Amino acid sequence: DAKTTQPPSMDCAEGRAANLPCNHSTISGNEYVYWYRQIHSQGPQYIIHGLKNNETNEMASLIITEDRKSSTLILPHATLRDTAVYYCIVRVDGNQFYFGTGTSLTVIP
Amino acid sequence: DSGVTQTPKHLITATGQRVTLRCSPRSGDLSVYWYQQSLDQGLQFLIQYYNGEERAKGNILERFSAQQFPDLHSELNLSSLELGDSALYFCASSPLAGGHLWTDTQYFGPGTRLTVL
């Protein structure tokens, strides 16, 4: 069963911040939240992950709520190349990832 | 470039045939994962190997099998192929075996597109 819920699609204007939400209300205390994206039919690309603190890297920022029931991936300045399907993942058993249906982000010129 | 390589990129075959997909993990990674992505199913976890041994099993059919060799590359064997096996097959690798208390990021290869006619 999916452990995350994401909106099926979103649009974002080029140059603006893209904020992608994810609900993971059943997450347990030691489970990490991962974000990946998939452009066309390429292999999923790792973006960022976190446990309870906010995280930032060269690609994005991850904001996790204090109760850990939801998180938001932020692409600070979206470009056309950020158009992709974004997956929010909580590991199932061991290191198994359940990808779900993700959010299809379209960056509009 | 994730550092994970997969061959071949494309494979076209007929129903009933058998094919082998190959994956080379990132240097130093001990775990290999196989995923299937078809149009109506999304990305499905198939199986994980860690340092040569099967670690976890997902929705893998009995007609499919995999192994990981001493040099850590992995092969996914698909037999008695059916039309419904047409899909993208991705391999991913990670440094460790995974586990609830570990953060063990998976890095994906470019995939093999299998078409069964």
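Up top is the structure these notes are about.
Residues numbered from 1 in each chain as written. Chains lettered and ligands numbered in written order. Predicted model: local features only at pLDDT ≥ 70, side-chain atom pairs only at ≥ 80, totals over all residues. Heavy atoms only, no water.

Novice: Looking at this structure, I do not really get the state of the cysteines. What am I missing?
Specialist: Residue and element names in this part refer to chain A. Applying the stated criterion across every chain yields a total of two disulfides over all chains. Cys22 shares a disulfide with Cys88; S-S distance 2.1 Å. Judged by the sign of its S-S torsion, about -80°, the bond between Cys22 and Cys88 is left-handed. With a gap of 66 residues between them, Cys22 in strand 2 (residues 18-23) and Cys88 in strand 8 (residues 84-90) connect regions that are remote in the sequence. The exposure class assigned to Cys22 is buried, which follows from its relative accessible area of 1%. (Disulfide = S-S within 2.5 Å. Helix = DSSP H or I, 4+ residues; strand = E, 2+ residues; numbered from the N terminus. Buried < 20%, exposed > 50% of the residue type's maximum accessible area, 1.4 Å probe, protein only.)

Novice: For this particular structure, what's the right way to read the pattern of salt bridges?
Specialist: Close approach of charged atoms lets side chains of opposite charge pair. The tally for this structure, following the rule as stated, stands at five salt bridges over all chains. Arg37 of chain A is paired through a salt bridge with Asp82 of chain A; the nearest N and O atoms lie 2.8 Å apart. Of this pair, Arg37 of chain A sits in strand 3 (residues 33-38) while Asp82 of chain A sits in the loop between strand 7 (70-75) and strand 8, placing them 45 residues apart in sequence. Overall, the relative accessible area of 11% leaves Arg37 of chain A in the buried class. Here Arg63 of chain B ties to Asp85 of chain B by a salt bridge, and the two come within 2.8 Å at their closest N and O atoms. Placement of Arg63 of chain B in the loop between strand 6 (53-57) and strand 7 (64-68) and of Asp85 of chain B in the loop between strand 8 (74-78) and strand 9 (87-94) is noted, with a sequence separation of 22 residues between them. (Salt bridge = Lys/Arg side-chain N within 4 Å of Asp/Glu carboxyl O.)

Novice: What exactly am I supposed to notice about the sheet that holds strand 7 of chain B here?
Specialist: Strand pairing in a sheet is mediated by backbone hydrogen bonds. Such pairs are either parallel or antiparallel. All names here are of chain B. Strand order across the open sheet formed by four strands is 1-3-8-7, with antiparallel pairing between neighbours. Only two strands of the sheet have a single partner each, and these edge strands are strand 1 (5-7) and strand 7. The mean angle between the axes of side-by-side strands here comes to 15°, regardless of whether they run parallel or antiparallel. (Pairing = 2+ DSSP bridges. Axes fitted to C-alpha atoms, helices over the stretch in contact; angles between N-to-C directions.)

Novice: What am I meant to see in the side chain of Arg68 of chain A here?
Specialist: All names here are of chain A. If you trace the backbone, Arg68 turns up in the loop between strand 6 (61-64) and strand 7. At 3.1 Å, the side chain of Arg68 and the backbone oxygen of Glu31 are in polar contact. Setting aside its immediate chain neighbours within four residues, Arg68 contacts His24, Ile27, Ser28, Gly29, Asn30, Glu31, Leu51 and Lys52. (Polar contact = N/O pair within 3.5 Å; in protein donor to acceptor, adjacent residues only side chain to side chain. Contact = heavy atoms within 4.5 Å.)

Novice: Honestly, the side chain of Asn77 of chain B in this entry has me stumped. Any pointers?
Specialist: Residue and element names in this part refer to chain B. Within the element layout of this structure, Asn77 appears in strand 8. On the basis of relative accessible area, Asn77 is assigned to the buried category, the value being 7%. A distance of 2.8 Å separates a polar atom in the side chain of Asn77 from a polar atom in the side chain of Thr20. Ignoring any residue separated from it by four or fewer positions in sequence, one finds Asn77 in contact with Arg18, Val19, Thr20, Arg63, Phe64, Ser65 and Gln67.

Novice: Sorry, what's going on with unusual backbone geometry here?
Specialist: Residue and element names in this part refer to chain B. With an omega of -10°, the peptide bond running from Thr7 to Pro8 counts as cis. We note that Ser80 has phi near 45°; this positive angle belongs to a residue other than glycine. Looking at the element boundaries, Ser80 is found in the loop between strand 8 and strand 9.

Novice: Please clarify how the environment of Asp82 of chain A should be interpreted in this entry.
Specialist: Residue and element names in this part refer to chain A. Residue Asp82 is classed as buried on the basis of its relative accessible area of 12%. Along the chain, Asp82 and Gly50 lie 32 residues apart, while their C-alpha atoms are 21 Å from each other. Contact partners of Asp82, with chain neighbours within four places excluded, come to Arg37, Leu75, His77, Leu105 and Val107.

Take it as geometry only, folks, not as evidence of what the structure does.
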